[in-house]
Amino acid sequence: MYINKICVCKAAKLIKTGKTYRLGIETNNETPAPGTRTFNLTVLMPNQAPGQAMGENKFNYADDLMSGWMGVGSQIDGLGHAAVDHIFYNGVHSSEFVKPEGLSKFGVEKYPPIVARGVLINMAACLNTPVVTEGTAYTREMIIKCQNEQNIEIGSGDVVLFHSGWLDVLDTDPKRYAKGEPGIGLDGAKYLASKDVMA
């Protein structure tokens, strides 16, 4: 991923109100995740018993202990996330870069800030449903149909966001939420790549 300074300047000129929107979801021990994934946060207060505080000023503190899977909640997946038979992006085998202490390549830590024009396509409205059914793969034809209906143009360097209504399932049926979701299919991904989107 690269930062196209011209695209950033163009995007900045579109700002009218300065309103911001959170695109992530809260991550906690109730956030559904596939399988047996867990997420736990414990607040500790070491030396909290009277007379056991540190130093003459009886200093105490509270601290956080977190354990769990990082893949719980919303995230941006890097090229080191998914593979077929241990073969990752560009034919690289997992043994070359997947280490217990972390990935030696294909991580998201080197991504620059994403600053671009955001394009929102309301797939739920286009498909005439409050929530797009899990397993629905957005195809090129489907995306173009929704673009045309909503008078949306996708340009080079844009970030394309799809509204599916799926997050509403998180509140009403967390078990269903963790089992599947709608999203971009291969045909739709190739279409977006042909439009030179950033994300």
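Residues numbered from 1 in each chain as written. Predicted model: local features only at pLDDT ≥ 70, side-chain atom pairs only at ≥ 80, totals over all residues. Heavy atoms only, no water.

*Asks:* Go over the environment of Leu167 with me, naming the residues and quoting the values.
*Replies:* Along the polypeptide, Leu167 turns up in helix H4 (residues 167–172). Placed 32 residues apart in sequence, Leu167 and Gly135 show a C-alpha to C-alpha distance of 15 Å. Other than its neighbours up to four places away in sequence, Leu167 contacts Ile25 and Tyr177. (Helix = DSSP H or I, 4+ residues; strand = E, 2+ residues; numbered from the N terminus. Contact = heavy atoms within 4.5 Å.)

*Asks:* Tell me about the state of the cysteines, and name the residues and values.
*Replies:* Enumeration over the complete set of coordinates arrives at one disulfide. Put simply, Cys126 and Cys146 are joined by a disulfide, and their sulfur atoms are 2.2 Å apart. Across the S-S bond of Cys126 and Cys146 the torsion is about -95 degrees, and the bridge reads as left-handed. A residue pair is termed long-range when its members are at least 10 positions apart, and Cys126 in helix H2 (residues 123–126) and Cys146 in helix H3 (residues 140–149) qualify at 20 residues. (Disulfide = S-S within 2.5 Å.)

*Asks:* Residue-level account of the side chain of Ser164, with values.
*Replies:* Within the secondary structure, Ser164 sits in the loop between strand S7 (159–163) and H4. Taking relative accessible area as the criterion, Ser164 reaches 12% and is therefore assigned buried. Within the structure, the side chain of Ser164 is placed 3.1 Å from the backbone nitrogen of Trp166, a separation counted as a polar contact. Here Ser164 is in contact with Ala124, Pro130, Val131, Val132, Tyr138 and Pro182, once residues within four sequence places are set aside. (Buried < 20%, exposed > 50% of the residue type's maximum accessible area, 1.4 Å probe, protein only. Polar contact = N/O pair within 3.5 Å; in protein donor to acceptor, adjacent residues only side chain to side chain.)

*Asks:* Describe the confidence of the model for the chain, listing the residues and the values that go with them.
*Replies:* Taken residue by residue, the chain gives an average pLDDT of 87. The fraction at 70 or more is 93%. Here helix H1 (residues 5–13) stands out as the least confident element of the chain, with mean pLDDT 80; strand S6 (residues 137–138) is the most confident, with 98. (pLDDT = per-residue confidence, 0-100.)

*Asks:* Tell me about H3, and please be specific about residues and values.
*Replies:* Every buried residue of H3 is accounted for by Met142, Ile143, Cys146 and Gln147. Each buried residue of H3 sits inside an arc of 135 degrees when the element is viewed along its axis, so together they form one side. In H3, the exposed positions angled more than 90 degrees off the buried face are occupied by Glu141 and Asn148. The secondary structure elements touched by the buried residues of H3 are strand S5 (118–122), H2, S6, S7 and helix H6 (186–194). Asn151 lies just past H3 and shows a positive phi near 55 degrees. (Arc of directions from axis to C-beta.)

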